Amino acid sequence: MNILVIDAQGGGIGKQVVAAIKQNMPEMEITAVGTNSAATTAMLKAGADHAATGENAVIVGCRRADVIVGAVGIVIADSLYGEITPAMALAVGQSNARRLLIPVNHCDNFIVGVSDLALGKLIEGVISEIRKM
């Protein structure tokens, strides 16, 4: 199974996701794509098998992925302080991959009805969903 983890800014969420997947399922192949080099580097240091940076890397990665993991902002154009381009959001949304979106309420995007859980609990949910596959 090819898991694509997408993150922006400093890559903090992506770093935690990659580390948790590798800790719980070390056999999984993870491709990390950051919208910038800092995010990519953070995920690579956390144990990603492959890494790339930028819009085209997101587009290509979405074509090849079985599962896409990231903050809910990866499907919203101009989110994450403008780092998610319309082309990136479209690629994630049109991908045949299963999307595991982490409900992070920031950047003027709020998911009503979703309580602010600790990030660790949300990542446990990601691991649980991957195991079901």
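Above: the structure in question.
Report on the accompanying structure. Worth saying up front: this structure is predicted, and the values here are computed from it rather than measured. (Residues numbered from 1 in each chain as written. Predicted model: local features only at pLDDT ≥ 70, side-chain atom pairs only at ≥ 80, totals over all residues. Heavy atoms only, no water.)

Moving on, we get to the overall build of the chain. Along its length, the chain carries six helices and five strands. For the chain, the sequential pattern of α-helices and β-strands runs β-α-β-α-β-α-β-α-α-β-α. What you see for the chain is a C-alpha radius of gyration of 13 Å, in line with the 14 Å of a compact globule of 133 residues. Each principal axis of the C-alpha atoms in the chain carries an extent, and together these give about 35 × 35 × 25 Å. Within the chain, residue pairs in contact and separated by at least 24 positions form 69% of the contacts whose partners lie at least 6 positions apart. In the form shown here, the chain has an accessible surface area of approximately 6500 Å², with 51% of it arising from carbon and sulfur atoms. (Helix = DSSP H or I, 4+ residues; strand = E, 2+ residues; numbered from the N terminus. Rg over C-alpha atoms; globule rule 2.2 N^0.38 Å. Contact = heavy atoms within 4.5 Å. Areas by Shrake-Rupley, 256 points an atom, 1.4 Å probe, with all protein chains shown as cover.)

Next up on the list: the packing of helix α1 (residues 12–24) against helix α6 (residues 119–132). Across the interface, α1 lies against α6 with an axial gap of 10 Å and an inter-helix angle of 45°. Here α1 lies oblique to α6, going by the angle between them. Note on packing geometry: the crossing formed by α1 with α6 is right-handed. Listed contacts from α6 to Ile-13, Gln-16, Val-17, Ala-20, Ile-21 and Asn-24 of α1 are Leu-119, Ile-123, Ile-127, Ile-130 and Arg-131. Within the contact of α1 with α6, the residues separate by chemical class into eight nonpolar, two polar and one charged. (Axes fitted to C-alpha atoms, helices over the stretch in contact; angles between N-to-C directions. Parallel < 35°, antiparallel > 145°, perpendicular 65-115°, else oblique. Left-handed = near helix turned anticlockwise from the far one by under 90°. Nonpolar A, V, L, I, M, F, W, Y, C, P; charged D, E, K, R; others polar.)

Looking now at unusual backbone geometry. Even without being a glycine, Gln-9 presents a positive backbone phi close to 45°. What makes Gln-9 partly exposed here is its relative accessible area of 29%. Here the phi dihedral of Tyr-81 falls at roughly 60°; this positive angle occurs in a residue that is not glycine. Its location among the elements puts Tyr-81 in helix α4 (residues 79–82). A residue is classified by how much of its surface remains accessible, and Tyr-81, at 64% relative accessible area, is exposed. (Buried < 20%, exposed > 50% of the residue type's maximum accessible area, 1.4 Å probe, protein only.)

With that out of the way, let us pick up the environment of Ala-38. Tracing the chain through its elements places Ala-38 in helix α2 (residues 37–45). Separated by 92 residues in sequence, Ala-38 and Ile-130 place their C-alpha atoms 26 Å apart. Discounting chain neighbours no more than four positions away, the residues touching Ala-38 are Gln-9 and Gly-10.

Before going further, it helps to spend a moment on α1. Residues three or four positions apart in an α-helix share a direction because the helix packs 3.6 residues into each turn. Helix length check: α1 (13 residues) gives 18 Å between terminal C-alpha atoms against 18 Å at 1.5 Å per residue, within 8%. Among the residues of α1, Ile-13, Gly-14, Val-17, Val-18, Ala-20, Ile-21 and Lys-22 are the ones counted as buried. Structurally, α1 contributes buried residues whose contacts are with β1 (2–7), β2 (29–34), α2, β4 (67–71), β5 (98–102) and α6. (Expected span 1.5 Å × (residues − 1).)

We now examine the pairing of β4. Burial runs high along β4: five of the five residues are buried. With five bridges joining them, β4 and β5 adopt parallel strand pairing. Residue Ile-68 lies in a different strand from β5, and its bridge partner there is Arg-99. (Pairing = 2+ DSSP bridges.)

Inspection of the sheet shows β2 paired to strand β3 (residues 50–53) by four bridges, in the parallel sense. Within the sheet, the bridge partner assigned to Thr-31 lies in β3 and is His-50. This β-α-β element, β2 to α2 to β3, shows right-handed connectivity. (Right-handed = clockwise from strand over helix to strand, strands pointing away.)

Function cannot be read off these values alone, since they describe shape.
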